[in-house]
Amino acid sequence: MNPLDIALASLTFLTIREKIVLRNNIDSLNSLAVLSIEDISQIVGRNILRAVWSGRETMLQVEKGISLMEAQKIFCVRYDDTDYPSLLKEISEPPYLLFYRGAISCLQKSCVSVVGTRSVCQETAKAALSFSKEAADNGETVVSGNATGIDFFAHKGALSSAENGSTAAVLPCGIDTIVPVSHKALIAKIIQTGGAVISEYIPGCPAEAWRFVQRNRIIAALSPATVVIQAPHGSGALIEASFAMDYNRELMFHKSGFCEAASAIDRQTCRLLDRTKNGAKKKSRSAENYIESGAAIIENYEDYKNVLKDAPGTHSLKDPQFSLGL
């Protein structure tokens, strides 16, 4: 592990291009630490004078991060390493470093991202388990975000496979900390069974609201397709759907997400959003919007494989076989 690379990974005010430029102009963490924010601005060619920067604090953060990496067997790959996931390199702002525990090689296999809301119903929980198990049975790595709800059932479904499948959990914080804490046993099993826990954040970095959104872009980027099991209006899973479309990935919604119980959760969510400041903006994000734009609707893993082979729009709301009565 190179301390300079770890330091650059922690500089969230720089783009990956700027981190590369900076690295090409300095040769050590000490060289970075003595720079002023004016120096960094000049090197990268952009005014970043408003950025919060302290060379001393960065050195301390890197020292702490390396200690945690050594203690917890955390490794990292840089954007130009052969082990860095190839699909992740395709997006405009891939992580400079990926920190991981477990087998990063699981992300070199065929992957499918399975996401959804935290507030699940029995039918969608079952759908997440079943779909993810079938994907793992077919040798795929199921990628999700280790959140409660659909993410949890997606990971559990993959872990229930007796075949060569695996699962990868993407965290919104340093992977020395498990969010939520109740998933420690789940994370341990993911690592033990050939999967991986990954993050773009240096160990010791806490979870913050904006990091969950950044985490979502990685989940969408790691797979050629994202399957949304259940996503009420304003759900964070719909942000992942947006990223998937931006990255020209396939986007699919599971039919179970429109069952009566799931619809009841959606209606309750809408009522709650009505009481919040940004409720109207969040309500404007809906599964129906994406489906009307051509996202497919599936009922099982076989449908998923067929959608990957078929022409875009084949399995839309206009197809009577997949009508939801909306």
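Above this text sits the structure in question.
No experiment lies behind these values; they were computed from the predicted model shown.

A.B. asks: Explain helix H11 (residues 260-273) here, please?
C.D. replies: For an α-helix, the turn length of 3.6 residues means that residues three or four places apart are oriented alike. Its 14 residues place the ends of H11 20 Å apart at the C-alpha level, agreeing with the 20 Å of an ideal helix rising 1.5 Å per residue. Among all positions of H11, only Ala262, Ile265, Asp266, Cys270 and Leu273 are buried. Buried residues in H11, looked at end-on, bunch into an arc of 140°, giving them a common side.

A.B. asks: Looking at this model, I keep getting lost on the sheet that holds strand S3 (residues 111-115). Mind explaining?
C.D. replies: Within a sheet, adjacent strands bond to each other through the backbone by hydrogen bonds, running parallel or antiparallel. Taken together, the nine strands give an open sheet; going across it, the order is S1-S2-S6-S5-S4-S3-S7-S8-S9, and neighbouring strands pair in mixed fashion. Two strands close off the open sheet at either side, each with one partner strand: strand S1 (75-78) and strand S9 (296-298). The sheet shows a mean angle of 30° between the axes of neighbouring strands, taken without regard to direction. Looking at chain direction, strand S8 (residues 250-254) and S9 are connected through three bridges and run parallel. In the sheet register, Met252 faces S9, and the bridge partner there is Ala296. Each of S3, strand S4 (141-144), strand S5 (166-170), strand S7 (225-228), S8 and S9 is contacted by helix H6 (residues 122-137), which is oriented at about 175° to S3, the strand it contacts most.

A.B. asks: Looking at this structure, I do not really get the layout of surface pockets. What am I missing?
C.D. replies: The method is simple in principle: a probe with the dimensions of a water molecule rolls over the atoms, and the space it marks as empty is what remains. Approximately 380 Å³ is the volume attributed to the second largest pocket. Forming the walls of the second largest pocket are 21 residues, and the residues nearest its centre are Ser10, Leu11, Thr58, Gln61 and Arg211. Among the elements that make up the lining of the second largest pocket, the one with the highest residue count is helix H5 (residues 55-72) (five residues). For the lining of the second largest pocket, a count of residues per class yields eleven nonpolar, six polar and four charged.

A.B. asks: Where do I start with the packing of aromatic side chains in this structure?
C.D. replies: What the rule picks out here adds up to nine aromatic pairs. Here Phe152 and Phe153 contribute two aromatic rings whose centre-to-centre distance is 5.3 Å and whose plane-to-plane angle is 80°, an arrangement assigned as edge-to-face. Overall, Phe152 belongs to the partly exposed group, its relative accessible area being 23%. An aromatic cluster is defined as three or more aromatic residues linked by ring pairs; in this entry it consists of Phe131, Tyr301 and Tyr304. Over the face of the ring belonging to Tyr201 we find Arg211, whose NZ or CZ atom lies 5.0 Å from the ring centre.

A.B. asks: In this structure, what is going on with the pattern of salt bridges? I would like to understand it.
C.D. replies: As a working rule, side chains carrying opposite charge can pair if their charged atoms are close by. Under the defined criterion, the tally for this structure stands at eleven salt bridges. Note that Asp137 is salt-bridged to Lys133, the shortest N-O span being 2.9 Å. Here Lys133 and Asp137 lie together in helix H6, a separation of four residues that amounts to about one turn. Taking the relative accessible area as the measure of exposure, Asp137 reaches 28% and is therefore partly exposed. The shortest N-O distance in the salt bridge between Glu140 and Lys305 comes to 4.0 Å. With Glu140 in the loop between H6 and S4 and Lys305 in helix H14 (residues 301-309), the pair connects residues that are 165 residues apart, well separated along the chain. Here Glu140 falls in the buried class, since its relative accessible area comes to 3%. On the accessibility criterion, Lys305 (35% relative accessible area) is partly exposed. Through salt bridges that share partners, Asp5, Arg23, Arg78 and Asp80 make up one connected network.

Conventions we followed
Residues numbered from 1 in each chain as written. Predicted model: local features only at pLDDT ≥ 70, side-chain atom pairs only at ≥ 80, totals over all residues. Heavy atoms only, no water. Helix = DSSP H or I, 4+ residues; strand = E, 2+ residues; numbered from the N terminus. Expected span 1.5 Å × (residues − 1). Buried < 20%, exposed > 50% of the residue type's maximum accessible area, 1.4 Å probe, protein only. Arc of directions from axis to C-beta. Pairing = 2+ DSSP bridges. Axes fitted to C-alpha atoms, helices over the stretch in contact; angles between N-to-C directions. Contact = heavy atoms within 4.5 Å. 1 Å grid on protein atoms, 1.4 Å probe; cavity = no way out; pocket = protein on both sides within 12 Å on 5 of 7 lines; lining within 4 Å. Points joined across faces, edges and corners; volume = space filled by probe spheres on them. Nonpolar A, V, L, I, M, F, W, Y, C, P; charged D, E, K, R; others polar. Phe/Tyr/Trp six-rings, centres within 6.5 Å; stacked < 30°, edge-to-face > 60°. Lys NZ or Arg CZ within 6 Å of the ring centre and 35° of its normal. Salt bridge = Lys/Arg side-chain N within 4 Å of Asp/Glu carboxyl O.

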